[in-house]
Amino acid sequence: MHLRIMLQEGVQKFAQYINDLKINPSLQRPDLNSEPSSEKFSTEIPVDETKVFNSKIELAEYLHACFTSKSLKREDVLPLNGIWTWLAYIWFDQFAPSRAGTREIKEDAKYLCSSDYRDYYRHFVAGPYSIYSLHGHDNSRIFLYSSVNQHNDFIEQFASRQFIISHRNIVEAISRLYFDYQKGQPKTGAQSRTRPGNIRRFVSVIQQFELTYDIYTMDPARILELLPDEFNHWK
Amino acid sequence: MKRKLNYTGRMKIERKNISINFISESGGVVAFTVTKLDLTGLNLPPEAKVYVEAYYRTELRRFDFGTAGSITNPSPCDLRGMAYPENLKFRILVVAPSDGKLLAQGDRISLKKSGERKSILPVEFSDLGNEIWLVKYEGDADSPILIINSRIPGIQNIACRDAQFLTYVYPAVIREILAHMVFVDGVDSITEPSVDWHGDWLRFVRLLGVEIPEILNKDGDNFDKQKALKWIEDSVLAFCSTHSHRFQEYIRRQEETSLCT
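Residues numbered from 1 in each chain as written. Chains lettered and ligands numbered in written order. Predicted model: local features only at pLDDT ≥ 70, side-chain atom pairs only at ≥ 80, totals over all residues.

1. Structural notes on the overall build of chain B
Thought 1: Within chain B, the regular secondary structure consists of five helices and 11 strands.
Thought 2: Sorting the 261 residues of chain B into buried and exposed places 23% on the buried side.
Thought 3: In chain B, of all internal contacts separated by at least 6 residues, the share reaching a separation of at least 24 is 54%. (Helix = DSSP H or I, 4+ residues; strand = E, 2+ residues; numbered from the N terminus. Buried ≥ 20, exposed ≤ 12 C-beta atoms within 10 Å, placed from the backbone. Contact = placed C-beta atoms within 7 Å.)

What follows is the structure, given as structure tokens:
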């Protein structure tokens, strides 16, 4: 199958299907792979509908490879909400898995890609790709280590904040601080609400820095150096 | 940490001192120009570095505008390669070269299209379970957004036009937001608040003809809680009076309904 763009009619049918699934979890996914529900993308990009992803980073890597193989850059595809909604549609069973006869349905913004700047990171496909295509493999792992249908706290706390997610040096500092590269997962306790130097505290401190320093010109080591003592444990 | 706190004496670059325009080609934004960047009156050291940043979502691009004493305008500033050029916001920074501290900043500058009006209360529709509405402070600079329960059939129409809904919901929303401004955030100045949305709401209340107490900062020395509460109530009352036709419509409908039964 080749990449398609979900059109307004397809978005409405997909939204209806998601809503109906809450009442009837065994409902069959409607066929939205033809006009007027969706249309072919201008470039032919093969997409494997049956591919199973073990993590968000696998998903992002796969898409990144698909787009770069056709010389498409992030700015060519990110603004096209219909692409992301269609990708969420074809891999929907991974994003809303069946468990004991019920469907694990999340909020609409996870499946239907919105133009709202507050929602972009919530989308199960656009969010991971957006982060991966900007920060690359190593610095994306902290956000994208979890399964494709799990919205982890690193995304919620960091990716939701434009100032943080758009600064490569802050993102690298976050990765150095909280990600255990040997284990391939975040350091234990980083997401705790009570441990000193936890990720919520990092957000508070960096918001203070934002109003005090020109963070843009600082390298990650300098950012880590500026953090108060409560963060020493994580360094 | 509340964003409005300013421990370092960082100065605010007023919106009126900045003018930015987009340049479009083939219907798409490709660059911007800065036609006005007036830093006079801020008493900045001439060697302080000046930057303009364009940003949206994960995107950020910085442009070097020289120093406060010698602004070098690199316009037109190329935006090609940015994913959402039409939606970009801008930030102006003045930075001390010695220690990288921010000396002055103007942030969240958006370019309004001609004729576009700014809403002080964006409305969103979302599944709120059994709740009808709530206010979230998740807009720009934690500004309020009214969330209405999308599970209510025909709610988008009801929220715009239904007299009963408007009469029940909006006075309570206004009360909630003004109380949040005063008792959660604290308004640091009633003439030039550092939080933009506080300024928008103060202007809204002034337009309703309600006098604003001098101190609306809950931590201020002369803060008068009773005066602040009365101001909130007066504002809600003034809003209801301004929209009394909605109330009359609601009463009329109620009377018609009771006659039918």
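2. Observations concerning the interface of chain A and chain B
Thought 1: Taken residue by residue, the interface counts 24 residues in chain A and 22 residues in chain B.
Thought 2: The set of elements that each furnish at least two residues to the side of chain A that touches chain B consists of helix H3 (74-77), helix H6 (126-144), helix H8 (162-165) and helix H10 (199-210) of chain A.
Thought 3: A class-by-class count of the residues in the side of chain A that touches chain B yields 11 nonpolar, nine polar and four charged. (Nonpolar A, V, L, I, M, F, W, Y, C, P; charged D, E, K, R; others polar.)

3. Some words on the nonpolar core
Thought 1: Core analysis: the biggest nonpolar cluster contains 87 residues, and Ala-88 and Ile-174 of chain A together with Val-94 of chain B have the highest contact counts within it.
Thought 2: No other element matches the eight residues that H6 of chain A contributes to this core.
Thought 3: If we skip the residues at most four places from it in the chain, Ile-174 of chain A touches Ile-142, Phe-158 and Phe-202 of chain A.
Thought 4: In this structure, Leu-146, Ile-148, Met-181 and Val-236 of chain B belong to the second largest nonpolar core, which totals 20 residues. (Core = buried A, V, L, I, M, F, W, Y, C linked by C-beta atoms within 7 Å.)

4. A closer look at the sheet that holds strand S10 (residues 133-136) of chain B
Residues and elements named next belong to chain B.
Thought 1: Read from one edge of the open sheet, three strands run S9-S11-S10, paired in mixed fashion. Looking at the sheet topology across the chains shown, the edges are occupied by strand S9 (123-126) and S10. Strand-to-strand twist of the sheet, defined as the mean angle between neighbouring strand axes without regard to direction, takes the value 30°. (Pairing = 2+ DSSP bridges. Axes fitted to C-alpha atoms, helices over the stretch in contact; angles between N-to-C directions.)

5. Thoughts on the confidence of the model for chain B
Low pLDDT marks stretches whose predicted atomic positions should not be read closely.
Thought 1: With 93% of its residues at a pLDDT of 70 or more, chain B has an overall mean of 86.
Thought 2: At the level of chain-chain contacts, confidence expressed as ipTM amounts to 0.77, with global pTM at 0.70. (pLDDT = per-residue confidence, 0-100.)

6. As for the packing of H6 of chain A against helix H9 (residues 168-178) of chain A
All names here are of chain A.
Thought 1: One can describe the packing of H6 onto H9 by two numbers: an axis separation of 8 Å at closest approach and a directional angle of 50°. One element, H6, and the other, H9, form an angle in the oblique class. Considering the relative orientation of H6 and H9, their crossing is left-handed. Note on element contacts: H9 touches H6 through Arg-168, Val-171, Glu-172, Ile-174, Ser-175 and Tyr-178, opposite His-135, Asp-138, Asn-139 and Ile-142.
Thought 2: Tallied by class, residues from the contact of H6 with H9 come to four nonpolar, three polar and three charged. (Parallel < 35°, antiparallel > 145°, perpendicular 65-115°, else oblique. Left-handed = near helix turned anticlockwise from the far one by under 90°.)

7. Things to note about helix H2 (residues 163-185) of chain B
All names here are of chain B.
Thought 1: Between its first and last C-alpha, H2 extends 31 Å over 23 residues, near the 33 Å set by a 1.5 Å rise per residue.
Thought 2: The largest bend along H2 measures about 25° and falls at Ala-179.
Thought 3: By the burial criterion, the buried members of H2 are Phe-165, Val-173, Ile-174, Ile-177, Leu-178, Met-181, Val-182 and Asp-185.
Thought 4: On its buried face, H2 sits against S10, strand S11 (145-149), helix H1 (155-161), helix H3 (196-207) and helix H4 (225-242).
Thought 5: Residue Gly-186 follows H2 closely and has a positive phi angle near 85°. (Expected span 1.5 Å × (residues − 1). Bend = angle between axes of the 7 residues up to and from the residue.)

8. Topic: the sheet that holds strand S5 (residues 59-67) of chain B
Residue and element names in this part refer to chain B.
Thought 1: Across the sheet, five strands lie side by side as S1-S8-S7-S4-S5; this open sheet has mixed pairing. This sheet does not close on itself; its edge strands, each paired only once, are strand S1 (11-12) and S5.
Thought 2: Looking at chain direction, strand S7 (residues 89-95) and strand S8 (residues 102-110) are connected through six bridges and run antiparallel. Along S8, the bridge assignment pairs Val-94 with Ala-104.

9. Some words on the environment of Tyr-170 of chain B
Thought 1: Relative to the helices and strands, Tyr-170 of chain B is located in helix H2.
Thought 2: Spatially, the C-alpha atoms of Tyr-170 of chain B and Val-236 of chain B are 9.0 Å apart, while their sequence positions differ by 66 residues.

10. Observations concerning the environment of Trp-197 of chain B
Residues and elements named next belong to chain B.
Thought 1: Relative to the assigned elements, Trp-197 resides in helix H3.
Thought 2: Taking the C-beta count within 10 Å as the criterion, Trp-197 has 21 such neighbours and is therefore assigned buried.
Thought 3: As for Trp-197 and Asp-140, which are separated by 57 residues in sequence, their C-alpha atoms are 8.2 Å apart.
Thought 4: Among all residues touching Trp-197, those that are not within four sequence positions of it are Ile-120, Ala-141 and Ser-143.

11. Observations concerning the environment of Asp-108 of chain A
Residue and element names in this part refer to chain A.
Thought 1: Within the secondary structure layout, Asp-108 lies in the loop between strand S4 (102-103) and H6.
Thought 2: Between the alpha carbons of Asp-108 and Ile-18 there is a distance of 7.8 Å; along the sequence they are 90 residues apart.
Thought 3: Discounting chain neighbours no more than four positions away, the residues touching Asp-108 are Ala-15 and Ile-18.

12. Points about the pairing of S7 of chain B
Residue and element names in this part refer to chain B.
Thought 1: Buried residues dominate S7, accounting for five of its seven residues.
Thought 2: With seven bridges connecting them, strand S4 (residues 49-56) and S7 associate as antiparallel partners. If you follow Tyr-55 over to S7, its bridge partner there is Lys-89.
Thought 3: Hairpin connection between S7 and S8: a loop of six residues separates the two successive antiparallel strands, and Gly-100 in this loop has a positive phi of roughly 70°.

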